[in-house]
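Structural overview
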Amino acid sequence: MNDVVLHLVLTTAAGCAMVGAPLLVGRLTRPNKPTTQKESIYECGEETVGSSFIQFDIRFYTVALIFIVFDVELAFFFPWASLFGSVMALTDTRLLPDDPLRLAISQDLLGKDSKLGAVGAGTALSFAWFLLIDLLVFFGAIMVGFAYLWKRGDLDWVRAMPRKNAAQDAAH
């Protein structure tokens, strides 16, 4: 138990040092030349207008949510790529049915308790085509959503606003 506490204390101290040391070095070495422009409030690319208790422009939240959705969806590509790589290794016809590598990859795919044995090259190729079509359908759904957001204008940071008075604009 003492070793666990010691490791926890050392890890916490190392983490605090890794965070604190660069902050301390930066505070001691950076120049301090304040100007009115540097001290002005600048939030998320928008100039501050009025009280700070107003809501942000909805475009900020929309872009943030779109980023999160696409980021999370792209995270699903990594397990797919791992599975697809294993299946493609099984499509190699140079590996004999009783090859230890084929058996090991098959056990990884089917589970250690599987009694099916090694997966054949033909079965692996059929499954690889299924995985490829599955990815294309998933990617197509993402692209349809992306096209919808693009067409709607949600990806444009600054949207064109309708002019209220054309005569007033002509005078300026």
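The structure presented is a predicted model; accordingly, all values stated were derived computationally and were not measured. (Residues numbered from 1 in each chain as written. Predicted model: local features only at pLDDT ≥ 70, side-chain atom pairs only at ≥ 80, totals over all residues. Heavy atoms only, no water.)

**Here's the deal with the packing of helix α2 (residues 58-75) against helix α3 (residues 77-90)**
Helix-helix packing: each pair is described by the crossing angle between the helix axes and the interaxial distance. Remark: α2 packs on α3, axes separated minimally by 4 Å, with the N-to-C direction vectors making an angle of 15°. As the angle between them shows, α2 and α3 are arranged roughly parallel. The segment α2 lies against α3, with Glu73, Leu74 and Ala75 engaging Phe77, Phe78 and Pro79. (Axes fitted to C-alpha atoms, helices over the stretch in contact; angles between N-to-C directions. Helix = DSSP H or I, 4+ residues; strand = E, 2+ residues; numbered from the N terminus. Parallel < 35°, antiparallel > 145°, perpendicular 65-115°, else oblique. Contact = heavy atoms within 4.5 Å.)

**Description of the packing of aromatic side chains**
The full count for this structure, using the stated rule, is seven aromatic pairs. On the basis of an interplanar angle of 55° and a centroid distance of 6.0 Å, the ring pair of Phe77 and Phe139 is categorised as tilted. Taken together, the positions of Phe77 in helix α3 and Phe139 in helix α5 (residues 121-152) put the pair 62 residues apart, joining distant regions of the chain. Judged by its relative accessible area of 38%, Phe139 falls in the partly exposed class. Ring centres 4.8 Å apart and planes at 10° place the aromatic pair Trp80 and Phe84 in the stacked group. With Trp80 and Phe84 both in helix α3, this residue pair falls four residues apart, about one helical turn. Residue classification places Trp80 among the buried residues on the basis of a relative accessible area of 17%. (Phe/Tyr/Trp six-rings, centres within 6.5 Å; stacked < 30°, edge-to-face > 60°. Buried < 20%, exposed > 50% of the residue type's maximum accessible area, 1.4 Å probe, protein only.)

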